[in-house]
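Architecture at a glance
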Protein chains: 2
Amino acid sequence: MKLKELAEQLGLSQTTVSRALNGYPEVNKATRERVSQAAQKYGYSANANARRLAIGRIGAIGILMPRDRSERFGPHTSEFFSGLAEQLSQHEMDLLMSPSINNDELAAYRRLISSKRVDGIIITGPTLMDERVAMLTEAKFPFVLHGRTNIAAPHAWLDIDNAGAFRQAASHLIDLGHRHIAMIDGLKGHTFSEHREMGYREALVERGIAVDPRFIVHERFSDETGFHEAQRLLSYTPHPTAILAGSMMTALGIFRAIRSKGYELGKEVSVIAHDDVFPYLNASNMVPAMTTTRSSIRSAGSRIAELLVRVLDGEPVENIHEIWPVELILRQSSGPPVAPRR
Amino acid sequence: MKLKELAEQLGLSQTTVSRALNGYPEVNKATRERVSQAAQKYGYSANANARRLAIGRIGAIGILMPRDRSERFGPHTSEFFSGLAEQLSQHEMDLLMSPSINNDELAAYRRLISSKRVDGIIITGPTLMDERVAMLTEAKFPFVLHGRTNIAAPHAWLDIDNAGAFRQAASHLIDLGHRHIAMIDGLKGHTFSEHREMGYREALVERGIAVDPRFIVHERFSDETGFHEAQRLLSYTPHPTAILAGSMMTALGIFRAIRSKGYELGKEVSVIAHDDVFPYLNASNMVPAMTTTRSSIRSAGSRIAELLVRVLDGEPVENIHEIWPVELILRQSSGPPVAPRR
DNA sequence: GCGATTACCCAAAGCGCTTTGAATTTAGGC
DNA sequence: GCCTAAATTCAAAGCGCTTTGGGTAATCGC
């Protein structure tokens, strides 16, 4: 069933039917009602391509999937997507996932833009001088960044307060009496990683605690690296009595390392992990319950979609910046340092 | 830059330029070359909507994201998507994620079809009499199912051998000497869950071991349920000396429960988990390394995309069925039962 | 050298929708 | 009851691309 046929059925012009369906004011209430009824009855729904061709808007936003297994594609991804999609459905927009081809990311972005398959783009996991941000800004293509960069040119972004999260967590550990605090976070170069390290350093420096470079680890987020790095850290003398973990997966590995060394978690060694909030991995139900810096990445996705819609509606990007605070949720994996039993 | 302009630049007709770019034979080699060069130079790329409107094919396949936090949206999702997207890029197709609105899934599918935004659909996590499968089959809309149903009408699907996986795992445990084996799997009703239970039962029955209904648990996949259910199971007398876990997250919870009861994993209580293969959660690096039934969900996604393309190309759906075997990878979390120390 | 192919290229007709500009009714004012 | 303004409705012109149905020039067979 197409518009033309529906219009014929109703004895109306395509114009009127189209307007009735799209909620334009210049159509009689009774007529509009009649049209909706008919559309319902025949299961009519506009051909998305034709509509978009006519309207000039694509009705979809894009997100590139890195081909390699970078930090940008982990368990948090599905949560983030879920948030995006949820919001986009409010605006009748689709989410287009485009995989980058032969690892030339920038080319993939260009292709995505030039083929006009999306109105805007969402980019995630930026580096401090992210070239994608630079490119899209220059191309004047609408986008919202999840994260931040040091790039001066104005662009829209939403980020969580990574520095604050780690500063707060480290401060808290210091308050508890810890003096040897390590951090195992994501790969260097990524903004979030740099910011977290900054926050960590600030907390230590503020309290006059020397920063031991061996205690700052940047690695892929995985239980495996968490395990290995924590084992290494715990073999030092003195070893850290507290570890900040950049992800839940890392924390799982760290937990294992602590146990394998015979230490008690939350006593001899404390751990505070950053939690993106996964429905299937609950920090509060672990044993001991995990102290976390928490920020729902699902909510962030949802909000970012909203912001992108605003960018598309013409809101100046220089107005679109949000930094979300991160909560520190105290649970049992962090406590005052206790001397080892041996 | 649009086709018309490009054609003018070249002093050719739109027809010729279009044909040159799309690889049609009736265009001079030199001309084709000249056109490609120019397209490259001006960064021309066809407007996807116009192209699709003309061509009648959408160039995208759809996948619905359940709004609720069902089994269908977990950590495996991003891996599955990743596989899909990787394959689709070979065919210049997009992946459209559409969130279901107000939890009326069927309506969301209908909307997706009638608005002609996708050529085909991928559906996952079916129940035995999945209504989506029934609906799409009846509507004659192309789709490929990840999983299986009992629906007789022919439709394309790819599934892993869930029954075989659990049968194999249970058999192995029996070989090791276990007589009290439990399973904690996903929610009842889902095909994979039913099949796994079937496999488990078969293995026990085959060896003359009575099936204890208390030992069969169906729950959401999460570390939390793994923990609670395993705790419950281990409080029975006699308690299971081995547990099959339906997911890695469940297994994490089970591990915790075993430890919290003071049992040694792989000795007093064995665990075999199903592993979809996550880059960030590696079974072989756990301590003890986890015995798993392994099947890459990423590969499945990739293959399913390929199958859907074939369906779209007109291959009869009754030819498209694949059951993938599941490997049992023996590691240290499973071993002969050892009597508890007390 | 001439008709018949073959190779290339083109103008124009859609694809199904939105929107402009105009026409037709209907309502309002005196 | 007549004129003007407001309320409805419509015909037709795109949106940018593919494809049909011809053309024209180059090539071939004899």
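Bear in mind the structure is a predicted one, so any value in this text is a computation, not a measurement.

What counts, and where the lines are drawn
- Residues numbered from 1 in each chain as written.
- Chains lettered and ligands numbered in written order.
- Predicted model: local features only at pLDDT ≥ 70, side-chain atom pairs only at ≥ 80, totals over all residues.
- Heavy atoms only, no water.
- Domains from an automatic or database assignment.
- Least-squares fit on C-alpha atoms with pLDDT ≥ 70 in both.
- Contact = heavy atoms within 4.5 Å.
- Near = heavy atom within 4 Å.
- Polar contact = N/O pair within 3.5 Å; in protein donor to acceptor, adjacent residues only side chain to side chain.
- Helix = DSSP H or I, 4+ residues; strand = E, 2+ residues; numbered from the N terminus.
- Nonpolar A, V, L, I, M, F, W, Y, C, P; charged D, E, K, R; others polar.
- Expected span 1.5 Å × (residues − 1).
- Buried < 20%, exposed > 50% of the residue type's maximum accessible area, 1.4 Å probe, protein only.

Attention shifts here to the domain arrangement of chain A. Under the domain assignment used here, chain A contains domain 1 (3-46), domain 2 (60-160 + 298-324) and domain 3 (162-296). Computed over C-alpha atoms only, the centres of domain 1 of chain A and domain 3 of chain A are separated by 60 Å.

Laying chain B over chain A is done by rotating through 180 degrees and shifting 0.1 Å along the axis; what remains is an RMSD of 0.3 Å. Such a combination of turn and shift is consistent with a two-fold rotation axis. Looking at chain B, 98% of its interface residues are interface residues in chain A too, so the copies touch through the same face.

Neighbouring DNA strand C are 26 residues, the closest being L3(A), S18(A), R19(A), Y24(A) and T15(B). The sugar-phosphate backbone supplies 61% of the atoms of DNA strand C found within 4 Å of the protein. Between a phosphate oxygen of DNA strand C and a main-chain N or O atom of S13(B), the distance comes to 2.9 Å. One nitrogen or oxygen atom from the main chain of N28(B) is found 3.0 Å from a phosphate oxygen belonging to DNA strand C. Broken down by secondary-structure element, the contributors of at least two residues to the surface near DNA strand C are α2 (14-22) and α4 (48-55) of chain A together with α2 (14-22) and α4 (48-55) of chain B. In terms of residues, the surface near DNA strand C owes the most to one element, α2(A), which gives five residues. Looking at side-chain class alone, the surface near DNA strand C contains 10 nonpolar, 11 polar and five charged residues.

Residues and elements named next belong to chain A. The end-to-end C-alpha distance of helix α11 (residues 248-260), which contains 13 residues, comes to 18 Å, matching closely the 18 Å that a straight helix rising 1.5 Å per residue would cover. By the criterion of burial, α11 is predominantly enclosed, with 11 of the 13 residues buried. Those residues of α11 that sit buried are M248, M249, T250, A251, L252, G253, I254, F255, R256, A257 and I258. Between the side-chain oxygen at the start of α11 and the backbone nitrogen of M249 there is a gap of 3.3 Å, and the oxygen is on S247. Phi turns positive, to about 85 degrees, at G262, one or two residues after α11.

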